[in-house]
Every structure is written in structure tokens, then in C-alpha cells.
2 protein chains.
Amino acid sequence: MLDPLDDVHFMKKALQEAEAAYEKNEVPVGAVIVVAGRIIARAHNLTELLNDVTAHAEMQAITAASNFLGGKYLNECTLYVTLEPCQMCAGALYWSQIGRIVYGAVDEQRGCTTMGTKLHPKTEMIGGVLEEECGGLIKRFFIEKRNLN
Amino acid sequence: MLDPLDDVHFMKKALQEAEAAYEKNEVPVGAVIVVAGRIIARAHNLTELLNDVTAHAEMQAITAASNFLGGKYLNECTLYVTLEPCQMCAGALYWSQIGRIVYGAVDEQRGCTTMGTKLHPKTEMIGGVLEEECGGLIKRFFIEKRNLN
């Protein structure tokens, strides 16, 4: 049984990762991957620090989870991510056949729903968990960025 | 000026990478990234060896090229890849704002054209360069795989 309280619990962990990104002056997006109630991967966006567009939180979390499990398929796993995945990350999640994706804030401009990215038929996706906190952190980041320039 | 002979020249280099993947029992896809007539990144698919769905040739090449250039945007670069990019790789290429994508064989099932992945407005894409050689290697790989099982 899926307990909605679990979703909130794990999204808070993803939000902690997003806060770590914020502290590093990265667009604050965080992710965790959970299997059987246990976090097996944690990551946050590092595209600026690494100078690498592929260093989204989800991408690093997929690599870390696969490494932990010793296999590249994540059928039994749930990804919690503070922002709706982009085309790249949704495309990676497609290949991983992940069981479930739970995201916080909607990305109306570049999220996988708007962009029409296909998920794997085995993957369920829901959004809006701790939406206000997840989206609020990103808004705060961009407001502060603008004020500095 | 774009010289079509250059495209063939660099696709041959991508094909060498695909052959290296083949030797490692990986789906044989290879890529190089070129700027001002010079190869700055070479990579081949390593998803099986690394147990990681994100280890496509293009993803590794993007990371390597960004590392070489010291910046995450690849506006001046051309990616040569032996197979049409998937959603994930096209999504990464979108973020990189790469100038040009040249691919060999079409991927009718999971290529970015079929999947409807959006490229960056600054990116041009052409396909069909050394299509027969690029596609032939992949076909040979899957025929041999089937015969072994």
C-alpha cells in the first residue's frame, strides 16, 4: 500500500537536497530514490559546479541507485524530485523503467508533461507533493539571482 | 562552410567508437564532438559495463566536451553519433544548445524524431550520414545476440 505520508516524508528528504543545491548557488532541485522504504540515492543539481548540463539531480540519483543495486533497472524504485523532470531526465527514467515518479513543483515551461516526453508504460507519475515548498525555493533562488544582477 | 566530406570523415571516427562498444558487447553506438574541425570528445555506449542507463555515447561525449571547453554550452560544436539520439540524449543536447547534430542510422522506434523530443531552436540536425555502416553494425550486434540465446 502506498501511504501518502511516506510521499511527504521522502519529498522532505529531496527538499533537503534542493537546499544543499541552493547553498552552492545551483538551481535548487533535489532528488532521492527509495526502494522498500529505504533511501538508496540522494542527489542535487550540480550543473554550474560541474559545468555539465547532464548533472541534474535525477541523473545523478539514477546512476547512484543503479550502482547501489548493481543493475540498471529501477522497476521497484520510486524517485522523489522537487521539480517535474525535464526531457533529459524523463528520457533517462524511461530507460530505467522506474516504478514511480513523485515530483513537487510543476515545470510548466520545460517539464516532461509540457514537452511531451514519453514515460515507460510501467512508470506511474504524480506531482504536487509539497508543491509550495519545492516551488517556493526555486522562485526564491531566481528572485535573488535577479536582484544581484 | 560545411563540407559534407567532413561529415563523413567525423562519422567514421564515431563509427570507430561504435566498434569499440561492439568489442565490449555493448549496443554499438559511438559519438564524437567536434569544434573548429577538431575532435574534443570521443565516447561509446557503456550502459552494460557501467550498469547505468545514462551511459549513452552522447551523454558521455557532452560531459567530456564541456569539461574540455570549461563551459556547459556547446553552441559552436557538432555532435556526430552513429544512431539517432533518444529522448534522454536529445534532452541533454537541448540544454547544451549544441550547434549541430549529425547522426548515422535512424532509430524509428525510440529516436527523438519519433518520440517528439524538442531540440533547442539554435540546433540543426541532419541524419543519414554513413547510414548503412552505422545501422549495419547495430543490426549485426542484435543478430549475433539472438543467435547466442
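A quick note: this is a predicted structure, and the numbers were derived from the prediction, not measured. (Residues numbered from 1 in each chain as written. Chains lettered and ligands numbered in written order. Predicted model: local features only at pLDDT ≥ 70, side-chain atom pairs only at ≥ 80, totals over all residues. Heavy atoms only, no water.)

**Description of helix 3 (residues 87–96) of chain B**
Residue and element names in this part refer to chain B. We apply this condition: The rule is simple: take the accessible area with a 1.4 Å probe, protein chains only, and divide by the maximum for that residue type; under 20% is buried, over 50% is exposed, in between is partly exposed. Numbering of helices and strands runs from the N terminus; a helix is a DSSP stretch of H or I covering at least four residues, while a strand is a stretch of E covering at least two.
Burial analysis of helix 3 places 10 of its 10 residues in the buried class, which makes it a mostly covered element. Within helix 3, burial applies to Gln-87, Met-88, Cys-89, Ala-90, Gly-91, Ala-92, Leu-93, Tyr-94, Trp-95 and Ser-96. Gln-97 occupies a position one or two residues after helix 3 and carries a positive phi of about 55 degrees.

**Considering the relation of the copies chain A and chain B**
For clarity, the threshold we go by: For the least-squares superposition of copies, only C-alpha atoms count, and only for residues with pLDDT at least 70 in both. We call two residues contacting when some pair of their heavy atoms lies within 4.5 Å.
Between chain A and chain B, which share one sequence, the superposing operator has a rotation angle of 180 degrees and an axial displacement of 0.0 Å; the RMSD is 0.0 Å. Here the two chains are linked by the operation of a two-fold rotation axis. Using C-alpha coordinates, one finds that chain A approaches the rotation axis most closely at Met-88 of chain A, a distance of 2.0 Å. Both copies contact each other with a shared surface, as 100% of the interface residues of chain A are interface residues in chain B too.

**Observations concerning the sheet that holds strand 2 (residues 38–44) of chain A**
All names here are of chain A. The line we're drawing: Each pair of strands is called paired provided DSSP finds at least two bridges between the two strands. Orientation is described by axes fitted as lines to C-alpha atoms, over the contacting stretch for helices, and by angles from 0 to 180 degrees between their N-to-C directions.
Spatially, 2-1-3-4-5 is the arrangement adopted by the five strands of the open sheet, whose pairing is mixed. Two strands bound the open sheet, and with one partner strand each, they are strand 2 and strand 5 (124–126). Across the sheet, the mean angle from the axis of one strand to that of its neighbour is 15 degrees, orientation sign disregarded.

**Some remarks on the confidence of the model for chain A**
Heads up, the condition is: A score from 0 to 100, pLDDT tells how confident the predictor is in each residue.
Across chain A, pLDDT averages 96, with 99% of residues at or above 70. Per the prediction output, this complex has pTM 0.96; the corresponding ipTM is 0.95.

**A look at the packing of helix 2 (residues 57–69) of chain A against helix 3 (residues 87–96) of chain A**
Residue and element names in this part refer to chain A. Applied cut-off: Under this scheme an angle from 65 to 115 degrees is roughly perpendicular, one under 35 degrees roughly parallel, and one over 145 degrees roughly antiparallel; angles in between are oblique. Crossing handedness: left-handed means the near helix sits turned counterclockwise from the far one by under a right angle, and right-handed means the same turn made clockwise. Residue classes follow a fixed rule: Ala, Val, Leu, Ile, Met, Phe, Trp, Tyr, Cys and Pro count as nonpolar, while Asp, Glu, Lys and Arg count as charged, and any other residue, Gly among them, counts as polar.
Look at helix 2 against helix 3: their axes get within 9 Å of each other, and the N-to-C directions meet at 20 degrees. In terms of orientation, helix 2 lies roughly parallel with respect to helix 3. Considering the relative orientation of helix 2 and helix 3, their crossing is left-handed. Contacts between helix 2 and helix 3 involve Glu-58, Met-59 and Ile-62 on the former and, on the latter, Met-88, Cys-89, Ala-92 and Leu-93. The residue makeup of the contact of helix 2 with helix 3, split by class, is six nonpolar, no polar and one charged.

**Notes on the interface of chain A and chain B**
Heads up, the rule is: Here the quantity called buried area is the accessible surface, traced with a 1.4 Å probe, that two parts lose on coming together, added over both. Each reported salt bridge corresponds to a side-chain nitrogen of Lys or Arg within 4 Å of a carboxyl oxygen of Asp or Glu.
Residue-level contacts link 27 residues of chain A with 27 residues of chain B. Carbon and sulfur atoms supply 59% of the area that chain A and chain B bury against each other, a total of about 2,500 Å² over both sides. For chain A, the biggest contributors to the area lost against chain B are Val-53, Lys-72 and Trp-95 of chain A; these three give 28% of the whole. Here chain A and chain B share two salt bridges between them. Across the pair Lys-72 of chain A and Glu-48 of chain B runs a salt bridge, and its minimum N-O distance is 2.7 Å.

**A short note on the UniProt feature "active site" (unreviewed entry) in chain A**
Residues and elements named next belong to chain A. Condition: UniProt positions are given in the numbering used here, feature names are shortened, and annotations may be inferred rather than shown by experiment.
When the UniProt feature table is mapped to this numbering, "active site" (unreviewed entry) covers Glu-58. Mapping Glu-58 onto the fold places it in helix 2. Setting aside its immediate chain neighbours within four residues, Glu-58 contacts Ala-31, Leu-79, Val-81, Leu-83, Pro-85, Cys-86 and Cys-89.

**A few points about the nonpolar core**
The criterion, for reference: Take the buried Ala, Val, Leu, Ile, Met, Phe, Trp, Tyr and Cys residues and link them wherever side-chain atoms come within 4.5 Å; each set so joined is a nonpolar core.
In this structure, Ile-33 and Met-88 of chain A together with Ile-33 and Met-88 of chain B are the most contacted members of the largest nonpolar core, which totals 93 residues. Apart from residues lying up to four places away in sequence, Met-88 of chain A is in contact with Val-53, Thr-54, His-56 and Met-59 of chain A together with Met-59, Gln-87, Met-88, Gly-91, Ala-92 and Trp-95 of chain B.

**Section: the packing of helix 1 (residues 4–23) of chain B against helix 5 (residues 131–148) of chain B**
All names here are of chain B. The contact between helix 1 and helix 5 brings their axes to 10 Å, and the two run at 10 degrees. Between helix 1 and helix 5, the crossing angle belongs to the class labelled roughly parallel. Of the residues in helix 5, those touching helix 1 at Met-11, Leu-15, Ala-18, Glu-19 and Tyr-22 are Glu-133, Cys-134, Leu-137, Arg-140, Phe-141 and Glu-144. Class assignment of the residues belonging to the contact of helix 1 with helix 5 gives a composition of seven nonpolar, no polar and four charged.

**Overview of the UniProt feature "domain: CMP/dCMP-type deaminase" (unreviewed entry) in chain A**
Following the UniProt record, one finds the feature "domain: CMP/dCMP-type deaminase" (unreviewed entry) at residues 5–114 of chain A. Each end of residues 5–114 of chain A is marked by a C-alpha atom, and these two atoms are 28 Å apart; helix forms 41% of the span and strand 24%.

**Some details on unusual backbone geometry**
One non-glycine residue, Asn-51 of chain A, adopts positive backbone phi at about 50 degrees. Following the sequence through the fold, Asn-51 of chain A ends up in the loop between strand 2 and helix 2. Exposure remark for Asn-51 of chain A: the relative accessible area of 26% places this residue in the partly exposed category. In the Ramachandran plot, Asn-25 of chain B falls in the positive-phi region, its phi being about 65 degrees despite a non-glycine side chain. Structurally, Asn-25 of chain B is set in the loop between helix 1 and strand 1 (30–35). Relative accessible area serves as the criterion here: at 47%, Asn-25 of chain B is assigned to the partly exposed category.

**Examining helix 5 of chain B**
All names here are of chain B. Put simply, the rule is: Helix span, expected: 1.5 Å multiplied by one less than the number of residues in the helix. Directions from the helix axis toward the C-beta atoms define the arc.
Over its 18 residues, helix 5 runs 26 Å from end to end, which matches the ideal 26 Å to within 8%, given 1.5 Å per residue. Residues of helix 5 that are buried include every one of Cys-134, Gly-135, Leu-137, Ile-138 and Phe-141, and no others. Within helix 5, the buried residues cover an arc of 150 degrees as seen down the axis, which keeps them to one side. In helix 5, the exposed positions that point more than 90 degrees away from the buried face belong to Glu-132, Lys-139, Arg-146 and Asn-147.

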